[in-house]
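# Residue-level structural notes
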Protein chains: 2
Amino acid sequence: MDIKTKYNTKQKQEILNFLESKGPGHFTVADLDMYFKTKGIKVGTTTIYRQLDKLISEGVVKKYNIDETSSACYEYIGQSDANGCQQMFHLKCEKCGKIIHLECHEVTLFEEHIAEHHGFKVDPMRTVFYGICKDCAAL
Amino acid sequence: MDIKTKYNTKQKQEILNFLESKGPGHFTVADLDMYFKTKGIKVGTTTIYRQLDKLISEGVVKKYNIDETSSACYEYIGQSDANGCQQMFHLKCEKCGKIIHLECHEVTLFEEHIAEHHGFKVDPMRTVFYGICKDCAAL
DNA sequence: TTGCGTGCAAAGGTTTTGCATGGCA
DNA sequence: TGCCATGCAAAACCTTTGCACGCAA
């Protein structure tokens, strides 16, 4: 859980390259796996899991379980703090699967309310709101 | 997905007994499994899954994926509608794993804000807030 | 009798672990 | 050289599915 990277290996670089080239957005271990296979880069699935664990410990990557059944979702945060989606909640549409970033002052107020009146410190990074998005509601 | 119960079997009754005796709260398939094993009641794990699926179709039970890694969470809603935690959000403490029911007018206001300003209709049943609870924060 | 329900076993998929090898510092 | 990282295989898990038998109606 708290193991950090000590060596810089080729595999770690390849994973970071993927994260940089892809930019913000969500991905799964399977995505990385397929990406490496397509590119002909040799990185074992085990290594992907282990490197992601380390990147999570370092705060570079965040992990969600957005989907109910399938595999876990990861997100690249990057070295930059307080920007990115550090303070951001996510909305996920249950119909189209789209993930929306929620940037809104009301959210901060809501967070403060929960902290003050319910004694619960919400972690925005790990919290996902499920529901129906504008586009799907219009159908 | 839409298969409903046609027969009343001993196993279904045992599952309903468990739900009634336990009352509101969350449980996993493993909980049911262990409960039956302890009591010496013979109900196969497969049957638990299949009966729960049917109860979900009937709206008697709700299913979440509150935990990241481990198994799915189920909740007994009962025949009564609009009560239970139909309209309720859940808070989950990332440290102690406790699940807290959030009953609060502010939440409704927040939901309305998201609907009006972001065009997103939140589904409270499926949304879980992650964070640190009062007790764990005090440690 | 009809056909759903059950349960065992096996498969499916994701994630973790053991262990020997390989590579960074 | 020392120790971490890698990767294969296998295990651990949770969940679903196939199939024959049992049981409710």
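First, a word on what this report is: a plain description of the structure on this page. (Residues numbered from 1 in each chain as written. Chains lettered and ligands numbered in written order. Predicted model: local features only at pLDDT ≥ 70, side-chain atom pairs only at ≥ 80, totals over all residues. Heavy atoms only, no water.)

### Observations regarding the interface of chain B and chain A
Residue-level contacts link 31 residues of chain B with 32 residues of chain A. Here chain B and chain A share an interface that buries about 2,800 Å² over both sides, 63% of which is from carbon and sulfur atoms. Scanning the region where chain B abuts chain A turns up zero salt bridges. Summed over the shared surface of chain B and chain A, the number is five residue pairs in polar contact (both at pLDDT 80 or more). By residue number, the principal contributor to the side of chain B that touches chain A is helix α4 (residues 105-118) of chain B, which donates six residues. The residue inventory of the side of chain B that touches chain A, partitioned by class, reads 15 nonpolar, seven polar and nine charged. In terms of strand pairing, strand β6 (residues 121-122) of chain A meets strand β7 (residues 128-132) of chain B through two bridges, oriented antiparallel. (Contact = heavy atoms within 4.5 Å. Buried area = accessible area lost by both parts, 1.4 Å probe. Salt bridge = Lys/Arg side-chain N within 4 Å of Asp/Glu carboxyl O. Polar contact = N/O pair within 3.5 Å; in protein donor to acceptor, adjacent residues only side chain to side chain. Helix = DSSP H or I, 4+ residues; strand = E, 2+ residues; numbered from the N terminus. Nonpolar A, V, L, I, M, F, W, Y, C, P; charged D, E, K, R; others polar. Pairing = 2+ DSSP bridges.)

### Comments concerning the protein's contact with DNA strand C
Among the 21 residues in the neighbourhood of DNA strand C, the closest are listed as Tyr 49 of chain A together with Thr 9, Thr 47, Arg 50 and Lys 54 of chain B. A breakdown of the atoms of DNA strand C within 4 Å of the protein gives sugar and phosphate a share of 66%. In this structure, Gln 51 of chain B approaches DNA strand C through a side-chain N or O atom, which is 3.0 Å from a phosphate oxygen. Every element with two or more residues in the surface near DNA strand C is listed here: α3 (45-57) of chain A together with α1 (10-22) and α3 (45-57) of chain B. With five residues, the single largest contributor to the surface near DNA strand C is α3 of chain B. Residues that form the surface near DNA strand C fall into these classes: five nonpolar, 10 polar and six charged. (Near = heavy atom within 4 Å.)

### Focus on the sheet that holds strand β3 (residues 73-76) of chain B
Picture the strands of a sheet paired through backbone hydrogen bonds; they go either parallel or antiparallel. All names here are of chain B. Strand order in the open sheet formed by three strands is β1-β3-β2, with antiparallel pairing between adjacent strands. The sheet terminates laterally at β1 (26-27) and β2 (61-64), the two strands that pair on one side only. As paired strands, β2 and β3 are joined by four bridges and run antiparallel to one another. Each residue of the ladder has a partner; that of Lys 62, found in β3, is Glu 75.

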